[in-house]
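Below, each chain spelled out in residue letters.
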Amino acid sequence: MKRCLYSIGSFFLLMGAPAVVGAQTDTLPATGVTIISSFRPTLKQAPKINFSAAALTVDTTRPVLPYIVPHRQLTLDNSVRSVQPQAYAIDTAQPFSNRSFIKLGYGNLRSPYVRGGINIGNGLSNGLSITGRYFSLTQRPEKSDMRFYRLTELKADGYTQFKRTPLQLSSAIGFKSEIVNNNFFYDTSRSPLSFPKDTIRQQFSLLSALLHLRSTAPMARGISISPLVRFYRFFDQRNNTETTVQLQAPLQKQIGENWMVQTSFSLGAIRYGHLKSLAPTGMRDTIISNTLVSITPSIRYQQSSFQLQAGVSPSWSNDRFAVLPQLALSHRLPSNKTSLLLGWNGSWVQNSYRELSTLNPWIWAPSTLRNSILTERYIGVKGQVNARLQYELRASYNSMTDQPLFLQDTNRTPSSGFLVVYEDKLDQIQFNANLHYQVGEHFRLSSRFVLNHFFKLQSQAAPWGLLPLEWETSLRVAITDELWLQSGLVLFRGGQSIDTYKTGTRAKGAADLNASLSFRLSRSLQLWAQFNNLFDQPYQRWGRNPVFGFNCNGGIVFSFNEKKNP
């Protein structure tokens, strides 16, 4: 066994010895390929291309850069008010500034004029304005047609914008007193001074308050609200009193781009205390309540050239119920300058002693209050000839129930007062034309023409006191940068009335022209002048009560805090 192992070991030793000896003594190179060269691959530099900018040609044409000014929306009031002495109107588009003023003047008919105003706030988040005025006219007392007018007014209104919300709260409170004398020019046998003051003088006093919450922009989910509360306390010198509370709560929601849902709740409550004379037992106070409630849901669809609003208005007036239509359509014609108007609208008019005395200051206290219904069906056009001239033409057929009329009181001698009577049903055809022309802030002309035809009366012989024709025009022009002219012209045809012999007659028409001038001397001082009834016509809008003849006022206006403005 050992001999066998020695033999195997000797065999392997003999086989490995030559390899070891070869590894130490062999000088032959290892197998492989060796490349020897001086060439090295490189990328050649690309030649640069030089661009030479050619000189620009000289353009001698003048570029045309058109600027389109958006057209102003047509806004036409139902009436053009006569010009009144007032401070220089502040452009509402200008930034708010703390401007205060005092205005003083005097005229030919013993007419002192005092007006003042104070503005406080920043005009962005809050503001407060306090104004007041006093004005009177006195005809010479030696004349048999002595006339007298006095106006005293004080008002404060302000607003505040809630932070981080689109809600704005506005409030106002005011007092107003007007005194007018009845005229006795037709009874020269007695002096006006021989009558008690309460029989020849009308004195109305008014306390008012307002609270209004509105959203200046749509709130969450496109909802906008605007609730409003008004309060009036009205009384005369004969102890007739009236208290009015009005509540309005409109709400609207935008649906998509073209649809809008609207609803409005309205409440008016009047408590009227009327003092009646019951000879020989004396006086008795009668309380009259007048309540009006209405709900008006509607929906509006609007596109660029078409707008339609439709709804109904269920209403309750005391014990009377009515459902009134609400339909208005506007379609812009292909010319894009004219729109066609169609409508059928019904509305309640809540008559009150306060409102009726505003229409006719010579009325006796009404013995009853009845609410009127006005139903209007109209067709018309509205548009603009160019950017400066806008117009509106409308023809309507109206029906009125319980319409108040003013009948001359012929049972009291002497008397120039009026009785309030009601027409059960009255139809009316009316044509209305409005025109507005404006050139920037330097020239503005507005005109309104109304033609009325009344027919189908049931309970009264004529539409007492209603005018068949009215034409009112106002003008404001800047003669220079410092001198401004305002003017107003009123023309009308007299309404029907009765004379002393209770015979129907028609009052004469008239034309009344007013004008005022305002000249700015400096930033804080200006002069003003007012001229009324330039034609000097003693016309009568209400029978036996002629207006004042020619009268004029003039004075100065001093503005405070002008130096602080830029």
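Everything quoted here is computed from the prediction, not taken from an experiment.

### Considering empty space enclosed by the protein
Then comes step 1: If you walk through the whole model with that rule in mind, you get 2 cavities of 30 Å³ or more.
Then comes step 2: Of all the elements in the fold, those that place two or more residues in the lining of the largest cavity are strand S16 (389-408) and strand S21 (496-498).
Then comes step 3: Along the lines of polarity and charge, the residues of the lining of the largest cavity split into 6 nonpolar, 8 polar and 1 charged.

### A look at the nonpolar core
Across soluble globular proteins, nonpolar side chains have a tendency to be buried as a group.
Then comes step 1: With 29 residues, the main nonpolar core has Tyr272, Tyr353, Ile363 and Phe406 as its most contacted residues.
Then comes step 2: Those elements that place two or more of their residues in this core are strand S3 (126-138), strand S4 (148-161), strand S6 (201-215), strand S8 (228-236), strand S10 (259-278), helix H3 (353-359) and strand S17 (418-439).
Then comes step 3: With 3 residues, the single largest contributor to this core is S17.
Then comes step 4: Setting aside its immediate chain neighbours within four residues, Tyr353 contacts Phe204, Phe234, Asp236, Asn240, Glu242, Tyr272, Ile363, Ala365, Pro366 and Leu369.
Then comes step 5: Counting 10 residues, the second largest nonpolar core, distinct from the first, contains Val421, Leu426, Phe454 and Trp464.

### A short note on the pairing of S6
Then comes step 1: Bridge count for strand S5 (residues 167-181) against S6 is 15 bridges, and the pairing is antiparallel. Across the sheet, the residue bridging to Ser171 is Leu211, located in S6.
Then comes step 2: Pairing of S6 with S8 involves 9 bridges; the strand directions are antiparallel. Within the sheet, the bridge partner assigned to Leu211 lies in S8 and is Val229.

### A closer look at the environment of Ser289
Then comes step 1: The topology assignment puts Ser289 in strand S11 (residues 282-302).
Then comes step 2: Taking the C-alpha atoms as reference, Ser289 lies 5.7 Å from Ile270; in sequence the two are 19 residues apart.
Then comes step 3: For Ser289, the residues in contact, after removing those within four places along its chain, are Ile270 and Asn318.

### Overview of the pairing of strand S23 (residues 510-520)
Then comes step 1: Sheet topology places strand S20 (residues 483-493) next to S23; 10 bridges connect them, and they run antiparallel. Note on S23: the bridge partner recorded for Leu483 is Phe519.
Then comes step 2: The pairing of S23 with strand S24 (residues 525-532) spans 6 bridges and is classified as antiparallel. The residue of S24 that forms the bridge with Phe519 is Leu527.
Then comes step 3: With antiparallel pairing between neighbouring strands as the criterion, S23 and S24 make up a hairpin whose turn holds 4 residues.

### Topic: the environment of Glu441
Then comes step 1: With respect to the secondary-structure elements, Glu441 resides in the loop between S17 and strand S18 (443-455).
Then comes step 2: Separated by 35 residues in the primary sequence, Glu441 and Arg476 have C-alpha atoms spaced 9.1 Å apart.

### Quick word on the side chain of Asp512
Then comes step 1: The topology assignment puts Asp512 in strand S23.
Then comes step 2: At 2.6 Å, the side chain of Asp512 forms a polar contact with the side chain of Tyr539.
Then comes step 3: Not counting chain neighbours up to four residues away, the residues in contact with Asp512 comprise Gly488, Leu489, Val490, Asn533 and Tyr539.

### Here we look at the confidence of the model for the chain
Then comes step 1: The share of residues in the chain with pLDDT of 70 or more is 74%, and the mean pLDDT across the chain is 82.
Then comes step 2: The low-confidence segment residues 70-97, where pLDDT is below 50, has 60 contacts with residues more than four positions distant or belonging to other chains.

### Quick notes on a nonpolar patch on the surface
Then comes step 1: The grouping of Ile102, Leu104, Val114, Phe519, Leu521, Leu527, Ile556, Phe558 and Phe560 at the surface amounts to a nonpolar patch, some 700 Å² of accessible area in total.
Then comes step 2: If you list the elements that add at least two residues to the nonpolar patch, you get strand S1 (100-107) and strand S25 (551-560).
Then comes step 3: Looking at the nonpolar patch, the element that brings in the most residues is S25, giving 3 residues.
Then comes step 4: Here Phe558 lies in strand S25.
Then comes step 5: Exposure remark for Phe558: the relative accessible area of 36% places this residue in the partly exposed category.

### Re the side chain of Gln202
Then comes step 1: Mapped onto the secondary structure, Gln202 falls in strand S6.
Then comes step 2: Looking at Gln202, its side chain comes within polar contact range of the side chain of Arg238, at 2.8 Å.

### Focus: the environment of Leu327
Then comes step 1: Take Leu327: it is sitting in strand S13 (residues 320-332).
Then comes step 2: Remark: the alpha-carbon pair of Leu327 and Ser298, spanning 29 residues in sequence, is separated by 9.0 Å.
Then comes step 3: With residues near it in sequence (within four places) discarded, Leu327 still touches Leu308, Gln309, Ala310, Leu342, Gly343, Trp344 and Asn345.

Criteria and cut-off values
Sequence order as written defines the numbering, with residues in each chain counted from 1. With the structure being a predicted model, the display of local features is reserved for residues of pLDDT at least 70 and the display and counting of side-chain atom pairs for 80 or more, all residues being used for whole-chain, interface and lining totals. The side-chain numbers reported here are obtained from all heavy atoms of the structure, hydrogens and water having been left aside. Of the grid points, spaced at 1 Å and generated over the protein atoms alone, those admitting a 1.4 Å probe that cannot get out make up cavities, while open sets with protein on both sides within 12 Å along at least five of seven lines make up pockets; any residue with an atom within 4 Å of a point is treated as lining. Grid points are joined across faces, edges and corners, and a volume is the space filled by probe spheres set on the points. Strands here are runs of E lasting at least two residues and helices are runs of H or I lasting at least four, both read from the DSSP assignment and numbered beginning at the N terminus. We call Asp, Glu, Lys and Arg charged. Ala, Val, Leu, Ile, Met, Phe, Trp, Tyr, Cys and Pro are nonpolar, and the rest, Gly among them, are polar. Each nonpolar core is a collection of buried residues, namely Ala, Val, Leu, Ile, Met, Phe, Trp, Tyr and Cys, held together in the definition by side-chain atoms within 4.5 Å. We call a residue buried when its accessible area falls under 20% of the maximum for its residue type, exposed when it is over 50%, and partly exposed in between, using a 1.4 Å probe and counting protein chains only. Pairs of residues are marked as contacts when any of their non-hydrogen atoms sit within 4.5 Å. Two strands qualify as a pair provided DSSP detects at least 2 bridges between them. Between N or O atoms, a polar contact is any pair within 3.5 Å; within protein, one atom must be a potential hydrogen donor and the other a potential acceptor, and residues adjacent in sequence are included only when both atoms are from side chains. Note: pLDDT gives the predictor's confidence per residue, expressed from 0 to 100. Exposure above 30% relative accessible area and no salt bridge define the residues that can form patches, which grow by joining like charges within 9 Å and nonpolar side chains of Val, Leu, Ile, Met, Phe, Trp and Tyr within 5 Å. In these tables, accessible area is a Shrake-Rupley quantity obtained with a 1.4 Å probe, and a residue counts as shielded only by the protein chains included in the view. For this analysis, a salt bridge means a side-chain nitrogen from Lys or Arg found within 4 Å of a carboxyl oxygen belonging to Asp or Glu.

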